[in-house]
Amino acid sequence: MHVPDGFIDAPTSAVTGVVAAAAVAVSLRGARRELDERTAPLAGLVAAFIFAVQMLNFPVAAGTSGHLLGGALAAILVGPYTGALCISVVLLMQGILFADGGLTALGVNITNMAIVGVVVAYVVFRGLVKVLPKTRRSITAASFVAALVSVPVAALSFTLLFWIGGTTDVSIGKVAAAMGSVHLLIGIGEAVITALTIGAVIAVRPDLVYGARDLRRPLKLRVGGELVDAPAPETARPVAARTSRRTLWISGLATSLVLAGFVSFYASANPDGLEKVAADKGFLESAEEHANADSPLADYGVRDVDNARLSGGLAGVIGVGATVLAGTGVFWAVRRRRTAEAADASPTNIGV
């Protein structure tokens, strides 16, 4: 659902740009509370993984495809503030390097995907977690529902912006109905990918999943020769990790590289939900050529590499590498800022 330049007029794009910039600033401050020495490297990996999976368009219906937006996945794995930054980093890499999503529309895309998508997903997730049992299955189920809801809401957020500042005079009711229905189907794919990923990480390192930090394993007591859960909640203890952080990081990076460098070749070539709706409703022609259309990586291919499989694979690998480096750099800087502030506030640094 990457909005190109030309769909939304300049004043509306400028306002959303200001909103997006303010949201990123707030997220930078909020991420200082979420990130620590364990999660800072994971946040960069999450951004790279989302970049890779967004290359995997899957068919939905009537010649339409969809791809992961990633708001729910990022928010649940690393927290809502850090998650919003993850999606923003991905959108920035896609717009600058791959000419995917307009540059003047960057504020629109961040607003829809990094703000609305993340906030809606995390609110739904936290609401479900509060009423469901504190188990791995509950966390996974809540992530499924949160992802499913977030996608059509983000699509309707675009529809609202199009109603305010669309450059083509079309029936907004028809656009809203088409965007909502097709992105509900895309949301099902988003939910499956999100739940599978969250479930896989919880299985090996539940302590690194921000949304599962309250997850506890009850202490087992032997009663009458059988093991039963201890009734007192204060006896609960954190669920044990099954793999090291380094192993998880290497496995995640390898998976991202394989998805972007190899599996992406088999992604659906059908237009995504927004492009299909724009074509059907008559405003696709308003899209403008991307400012970076001559980028050597435009359209997820490497210029002067004639083999389509090799060209796309190399572009995917470069994108994953650039995103993990950019994301990790941002999150380490945020983490260092938090450490510096904590040191400045420590009693030993306060003069008498």
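Everything quoted here is computed from the prediction, not taken from an experiment. (Residues numbered from 1 in each chain as written. Predicted model: local features only at pLDDT ≥ 70, side-chain atom pairs only at ≥ 80, totals over all residues. Heavy atoms only, no water.)

Q: Please clarify how the overall build of the protein chain should be interpreted in this entry.
A: Helix and strand content of the protein chain: 10 helices and 6 strands. Expressed as a percentage of the 352 residues in the protein chain, the buried residues total 48%. In the protein chain, of all internal contacts separated by at least 6 residues, the share reaching a separation of at least 24 is 79%. Of the accessible surface of the protein chain, which amounts to about 16100 Å², a share of 64% is contributed by carbon and sulfur atoms. (Helix = DSSP H or I, 4+ residues; strand = E, 2+ residues; numbered from the N terminus. Buried < 20%, exposed > 50% of the residue type's maximum accessible area, 1.4 Å probe, protein only. Contact = heavy atoms within 4.5 Å. Areas by Shrake-Rupley, 256 points an atom, 1.4 Å probe, with all protein chains shown as cover.)

Q: Would you mind going over the environment of Leu45 with me for this structure?
A: Looking at the secondary structure, you find Leu45 in helix α2 (residues 39-54). Once the C-alpha coordinates of Leu45 and Leu248 are considered, the two residues, 203 residues apart in sequence, prove to be 9.9 Å apart. Other than its neighbours up to four places away in sequence, Leu45 contacts Leu248, Trp249, Gly252, Leu253 and Val324.

Q: Sorry if this is basic, but what is going on with unusual backbone geometry here?
A: As a rule of thumb, non-glycine residues mostly have phi less than zero, and peptide bonds are mostly trans rather than cis. Look at Ala62: it is not a glycine, yet its phi comes out positive at around 50°. Among the residues examined, Ala62 registers a relative accessible area of 69% and is labelled exposed. Despite not being glycine, Asp299 shows a phi value in the positive range, around 60°.

Q: Where do I start with the packing of aromatic side chains in this structure?
A: One pair of aromatic rings is described through two measures. These are the centre distance and the angle between the planes. Scanning the model with the defined rule gives 10 aromatic pairs in all. On the basis of an interplanar angle of 35° and a centroid distance of 5.8 Å, the ring pair of Phe158 and Phe162 is categorised as tilted. Pair noted here: Phe158 and Phe162 are both in helix α6 (residues 136-165), with a separation of 4 residues, about one helical turn. Each member of the pair, Phe158 together with Phe162, is buried. Grouped by ring-pair contacts, the aromatic residues Phe7, Phe158, Phe162 and Phe283 constitute a single cluster. (Phe/Tyr/Trp six-rings, centres within 6.5 Å; stacked < 30°, edge-to-face > 60°.)

Q: Looking at this structure, how should I read a nonpolar patch on the surface?
A: Side chains of Val258, Phe262, Val263, Phe265 and Tyr266 sit close together on the surface and give an oily, nonpolar patch of about 470 Å² of accessible area. Locating Val263 in the fold gives a position in the loop between α8 (245-261) and α9 (273-281). By relative accessible area, which is 30% here, Val263 ends up partly exposed. (Patch = residues over 30% accessible without salt bridge, like charges linked within 9 Å, V, L, I, M, F, W, Y side chains within 5 Å. Salt bridge = Lys/Arg side-chain N within 4 Å of Asp/Glu carboxyl O.)

Q: What exactly am I supposed to notice about the packing of helix α5 (residues 106-131) against α6 here?
A: The packing of two helices is summarised by the inter-axis angle and the distance between the axes. It is at 7 Å that the axes of α5 and α6 come closest, and there the two elements cross at 145°. Handedness of the α5/α6 crossing: right-handed. Where α5 abuts α6, its residues Val108, Asn112, Val116, Gly117, Val120, Ala121, Val124, Phe125, Leu128 and Val129 lie against Ile139, Ala142, Ser143, Val145, Ala146, Val149, Ser150, Val153, Ala154, Ser157, Phe158 and Leu161. Counted by class, the contact of α5 with α6 contains 17 nonpolar, 5 polar and no charged residues. (Axes fitted to C-alpha atoms, helices over the stretch in contact; angles between N-to-C directions. Left-handed = near helix turned anticlockwise from the far one by under 90°. Nonpolar A, V, L, I, M, F, W, Y, C, P; charged D, E, K, R; others polar.)

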